Amino acid sequence: MKETMRIYRLNFLFVVSCVFVLLSPTSFAQETALAAVDATEIDAFVLSEMEADRVPGAALVVIEAGEIAYVKGYGTAVSNGTPVTAETSFILGSVSKPVTATAIMQLVESGKIALDDPVQKYLPWLETANPDVGAAITIRHLLHHTSGLPTSAYLPINEEPLAERVKRLNDVMPTAPVGTFQYSSPNYQVLGLIVEVVSGQSFGDYIQEHIYTPLEMAHSFVSQTNAQANGMADGHRIWFGFPVANELPFDEAGLPNGYLISSAQDMAQFMLAHMNKRPLLSPQSIQAMQTPSENSPNYGFGWQLGTWDKQPLVMHGGAGQNFRTMALMLPDAKQGVIVLINSATFVGDMARGDHTARRIAFGITNLLQGDRPVTTSEAIQQIYFVINGVLAVLLLMTLWQLWRLRHWPAKVTAWLVDGERVGRLFWRHVAPSVGGDFLGGAFILFGIPYLFGASLGAMWLGVPDITAVLILLAFFSLLSGLIKLIVSVRLIREAALQKNSDTLGFQGTS
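We now turn to the structure provided with this report. All values derive from a computational prediction rather than experimental measurement.

Reading the values: the criteria
Residues numbered from 1 in each chain as written. Predicted model: local features only at pLDDT ≥ 70, side-chain atom pairs only at ≥ 80, totals over all residues. Heavy atoms only, no water. Pairing = 2+ DSSP bridges. Helix = DSSP H or I, 4+ residues; strand = E, 2+ residues; numbered from the N terminus. Salt bridge = Lys/Arg side-chain N within 4 Å of Asp/Glu carboxyl O. Buried < 20%, exposed > 50% of the residue type's maximum accessible area, 1.4 Å probe, protein only.

Side note on the pairing of strand β4 (residues 236–239)
Link 1 in the chain: Pairing analysis gives 4 bridges linking β4 to strand β5 (residues 242–245), with the strands arranged antiparallel. Among the inter-strand pairings, Trp239 is bridged to a residue of β5, identified as Phe242.
Link 2 in the chain: In sequence, β4 turns back onto β5 through a hairpin of 2 residues, with Phe240 there showing a positive phi of about 55 degrees.

This is the structure in structure tokens:
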């Protein structure tokens with residue numbers, strides 16, 4: 001009897017344990033993933049891409065059949081070795097835009113705004129540098145990036161309120177007619193300000209109350225301070241091929257277009273809402289967000305649109321200065337992938353034409369479709385081996401030129417001994433050499449950023465290592481020109497004084 005009761009108790013414990021395992025979201029997710037895709041394949045692919053770009057940490061969520069199927073953290077979140085989990089938060093970059101568009105659609109559903117309302121109905125002072133264009137812009141235009149505001153419209157990061165930031169657009173000249181697609185992040189800052197004006201809340205408070213809280217996104221934030229207190233990952237920039245943790249200025253006024261903070265697990269809830277699996281918007285609003293316009297065939301409301309094996313593809317990537325993110329879904333198949341990483345390498349992006357989080361997301365989507373992912377063939381250290389070599393050669397050449405300046409006084413003296421007139425000597429020998437140094441330094445500081453369509457400050461945020469070397473090269477070039485100029489003027493003046501002295505002495509003895 002005792003043995004029978006013992007068996008019953010063991011069976012009961014076994015059944016209860018099975019129930020807990022089956023109800024555990026993580027365990028269920030891993031079992032579901034194993035049924036569709038070998039999790040070891042996913043892990044191997046993610047780790048190989050992280051190694052190729054020296055990514056310190058990444059978080060991943062895979063959605064299958066409208067359910068979270070696989071969650072995983074890789075690497076470290078912060079410098080003390082804390083591991084990344086699916087609940088670790090990251091700055092989303094432009095993945096913030098679908099969140100902002102969702103807020104706008106909530107206000108549309110509540111009847112507080114209409115998509116074809118002119119922006120000036122809510123912001124009557126917003127005109128841009130062309131008042132006629134400003135008056136024609138609607139909320140729909142902003143959502144589709146068809147306002148005419150240029151892609152290059154750069155609003156500086158500072159501590160000003162969102163309203164003051166948007167007012168800067170009154171000095172920006174539109175570069176295309178209203179209705180023409182031009183991806184421009186300030187469109188979404190304007191939308192964020194409209195959310196504030198219509199709701200009577202700050203943009204951050206609105207997002208927290210109407211999106212984060214209803215979807216139980218407990219590891220999502222509108223404040224970097226709060227996010228860091230709850231284990232937010234450190235962002236990294238690449239210095240000469242190696243990731244270096246850094247904290248860059250946080251742009252609170254940039255929340256609507258690129259500075260919302262969330263975790264992979266939380267963004268999965270947001271993505272499920274956009275698959276009509278969580279209550280947030282009506283199916284009609286979800287469909288409208290995922291529908292392009294005639295003038296923006298590849299952009300809906302906050303979502304980039306395309307196709308994958310003849311089925312609709314809805315996605316958005318984020319490329320901050322020290323984070324990379326990607327949210328991708330196939331709505332018809334109810335599949336999705338979210339990848340967040342805590343480093344950024346513009347050099348690697350330019351070399352490969354894509355950033356790490358996007359490559360990982362597309363690779364996993366390939367796996368979900370039964371195909372092989374495209375792996376990175378060239379590691380970041382190989383790319384930087386060439387770049388570092390070029391930078392080293394340029395520095396050595398510049399230092400060699402500085403070392404050769406010790407011969408400059410002798411050159412000027414020799415030119416003077418040859419009897420050339422001072423004016424001719426200066427313009428024939430000194431001016432070209434000094435001018436070349438000054439022009440070289442100016443080209444490095446202003447010409448190179450212009451060629452890349454960015455300010456020197458923007459280059460510093462994106463490629464700090466290369467920018468630091470360029471600044472050093474410019475400094476050495478300008479210093480060389482200055483030394484040559486000072487030495488030349490001194491020697492010419494001394495020669496002139498000596499000549500006058502000799503003339504006076506000759507006259508005194510005659």
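Structure's up, so let's keep going.
Focus on the pattern of salt bridges
Link 1 in the chain: The full count for this structure, using the stated rule, is 10 salt bridges.
Link 2 in the chain: Between Lys121 and Asp117 there is a salt bridge, with the nearest N and O atoms lying 3.5 Å from each other.
Link 3 in the chain: Ionic pairing is found between Arg168 and Glu160, a salt bridge with its closest N-O pair at 2.8 Å.
Link 4 in the chain: Residue class for Arg168 comes out partly exposed when judged on its relative accessible area of 34%.
Link 5 in the chain: Of the residues examined, Glu160 reaches a relative accessible area of 17% and is grouped as buried.
Link 6 in the chain: Here the residues in one salt-bridge network are Glu160, Arg165, Arg168 and Asp251, joined through shared partners.

Brief notes about unusual backbone geometry
Link 1 in the chain: Of note in this structure, Ala65 is not a glycine but carries a positive phi near 55 degrees.
Link 2 in the chain: Within the secondary structure, Ala65 is located in the loop between β1 (57–64) and β2 (67–75).
Link 3 in the chain: The exposure class assigned to Ala65 is exposed, which follows from its relative accessible area of 57%.
Link 4 in the chain: A positive phi is found at Phe240, a non-glycine position, where the angle reads about 55 degrees.

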